[in-house]
Structures are given as C-alpha cells and as structure tokens.
Amino acid sequence: MLIQIPELLNAAQLDKIHELLDQARFVDGRLTAGMAASKVKNNEELALDPELLQRLYRIIMASVGHSAVFRSAVLPAKVADFIFARYQPGMHYGDHVDDPIMGQGPKFRTDVSMTIFLNPPETYDGGELVIRTPFGEQQVKLPAGHAVVYPSASVHRVAEVGRGERLVALTWIQSFVRDAARRELLYELDQAREQLLRSDPQSDVAKNVDRSYVNLLRMWAEV
Ligand code: NI
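Throughout, residues of each chain are indexed from 1 in the direction in which the sequence is written. Owing to the predicted nature of the model, reporting of local features is limited to residues with pLDDT of at least 70; listing and counting of side-chain atom pairs is limited to 80 or more, with chain, interface and lining totals taken over all residues. The side-chain numbers reported here are obtained from all heavy atoms of the structure, hydrogens and water having been left aside.

**Some points on the sheet that holds strand β3 (residues 41–42)**
In step 1: One bridge is not enough; two strands pair if DSSP finds at least two bridges between them. Only DSSP runs of H or I reaching four residues or more are called helices, and only runs of E reaching two or more are called strands; each is numbered from the N terminus. The sheet built from five strands is open, its strands ordered β3-β7-β14-β11-β12 with antiparallel pairing. Unpaired on one side and paired on the other, β3 and β12 (136–140) mark the two borders of the sheet.
In step 2: Strand direction decides the pairing type here: β3 and strand β7 (residues 92–96), joined by two bridges, are antiparallel. Looking at the pairing, Lys-41 lines up with Tyr-93 of β7.

**Thoughts on the coordination of the nickel ion**
In step 1: Bound to the nickel ion on the protein side are His-96 (NE2), Asp-98 (OD) and His-156 (NE2), at distances that span 2.1 Å.
In step 2: Read N to C, the donor residues that coordinate the nickel ion are spaced as H-x1-D-x57-H. Of this pair, Asp-98 sits in the loop between β7 and β8 (101–102) while His-156 sits in strand β14 (residues 156–158); the two residues are 58 residues apart in sequence, bridging distant segments of the chain.
In step 3: Exposure remark for Asp-98: the relative accessible area of 13% places this residue in the buried category. Here the coordinating atoms are restricted to nitrogen, oxygen and sulfur within 2.8 Å of the metal centre, or 3.2 Å for Na, K and Ca, and because water is not among them the sites may look incomplete. A 1.4 Å probe rolled over the protein chains alone gives each residue an accessible area, and that area as a share of the maximum for its type sets the label: buried under 20%, exposed over 50%, partly exposed in between.

**Quick notes on helix α1 (residues 11–22)**
In step 1: End to end, α1 covers 16 Å across 12 residues, agreeing with the expected 16 Å (1.5 Å per residue, within 8%).
In step 2: Listed as buried for α1 are Gln-13, Leu-14, Ile-17, Leu-20 and Leu-21. Buried residues of α1, viewed axially, fall in a sector of 130 degrees; they line one side. Away from the buried face of α1 by more than 90 degrees, exposed residues Ala-11, Ala-12, Asp-15 and Asp-22 are located.
In step 3: Contact partners of the buried residues in α1: β2 (26–28), β4 (44–46), α3 (50–66), β6 (83–87) and β15 (166–175).
In step 4: Whenever two N or O atoms come within 3.5 Å, that pair is a polar contact, provided that in protein one can donate a hydrogen and the other can accept it, and provided that, for residues adjacent in sequence, both atoms are side-chain atoms. For α1, the side-chain oxygen to backbone nitrogen distance between the N-cap and Ala-12 is 3.1 Å, and the N-cap itself is Asn-10. A helix is expected to span 1.5 Å for every residue after the first. It is the directions from the helix axis to the C-beta atoms whose arc is reported. Should any heavy atoms of two residues lie within 4.5 Å, those residues are considered in contact.

The structure is reproduced here in structure tokens:
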C-alpha cells in the first residue's frame, strides 16, 4: 500500500533544508549501494558531514514524529537517519528492492521506505518514483514537502531525470507490525476509530472499535 503524507514539511522547513543543501557536497550514490543495487543505481548522495546531517535530521524529524498519518500508517519502531539523494539530468535508479537489514551499529529491519520530495515537480522532468504493486505500476511525483511511504519489499525505480534536478530525503523504518497487509488493515481501522471517537466518543460502537484496534495492535506488534 502506498500512502501519501501531504505537507509533511512546510515552506520554512523546505527553505532551511535548501539553504543547507545548496552549499553541501554530493558524492556518487553507488558508494552506499549493495552489490545488486550498485548495478542499477545512478544518482548522487549527500557526502557524510555529521554536523550538517544533524541539522537536517532535526528539521525533518520534528515533522515526521508529529505526523498522525505517518504514525498510524507506519507504526514506527525505529526510523533510520535520512539520506539526501540528488538526480541530475541523465540520472536514474533502476528496478530494485531496498536492503532488508540496515544500520551501522544497531541493525534494524526495513519494513517501510519513505521518500520526501524536496523540489517542486514543475522544476524537473522525469524523476517519478515508480512502484510495482499487485494492481500495476504506480508513479509518484509529489509537490515539495509531501512524502510517500510504501513497503520496502516492493520493486521500485526512479525514472530518468530529463531536465532540472530531483532532490529527495529518504529513510527506512522498522515497523512494530512487519506485515504490510496487517499494517494496512490497522491503518484503515484506526481511521474509522478516530472518526468514531471524534463524532460519538461515548457510543458503544466507538468503544468497541477502539478496543478492537488496540487489541489487534497488541496481537500483532513485535517490540
Ligand atoms: Ni529504493
């Protein structure tokens, strides 16, 4: 399931991120790719600069942590440090699945991948994130500040950029619920629950749906 998170970052945050990235150095993205991915990867990533990365993480994590959609849809247990990737004209990233286990230091399993778009879509041609789903391919190219989350196990690619520059922030999340179908069910049930708790919190149906959600999450969560 693909879920869009509109306006995850606001204009002020985007300005600040661009200001920081404008002076930054980018390196060949193949340096961080696994064996299979390095054959199809052709992009650039922000060079390792711990101080700069800390400033960027602080800006982004403030929003990610507060996003109700992100929390409900992803059920995040561990969120990796962000990577900043840049695609200039001629660059792309061919079909691949993301590495199953990540982390220098403590390891975590990648259940959910997240892309935050940082440049307005009209400023570059191509650069769509193309995700294979059971219902066909879905192409995603969102306004700056919007994000998409999708199961890390799905085959995906980034279409070649023709003009301009595709700039994105990426991260991977270990979810409390590893199975994508279960996460989807919980997300839908949580939306119903939220609506009932808002409109009629004292009703039996609201209480029953709330209890069902909480106990399903307890049944499926791994901590
Ligand atoms: Ni990927």
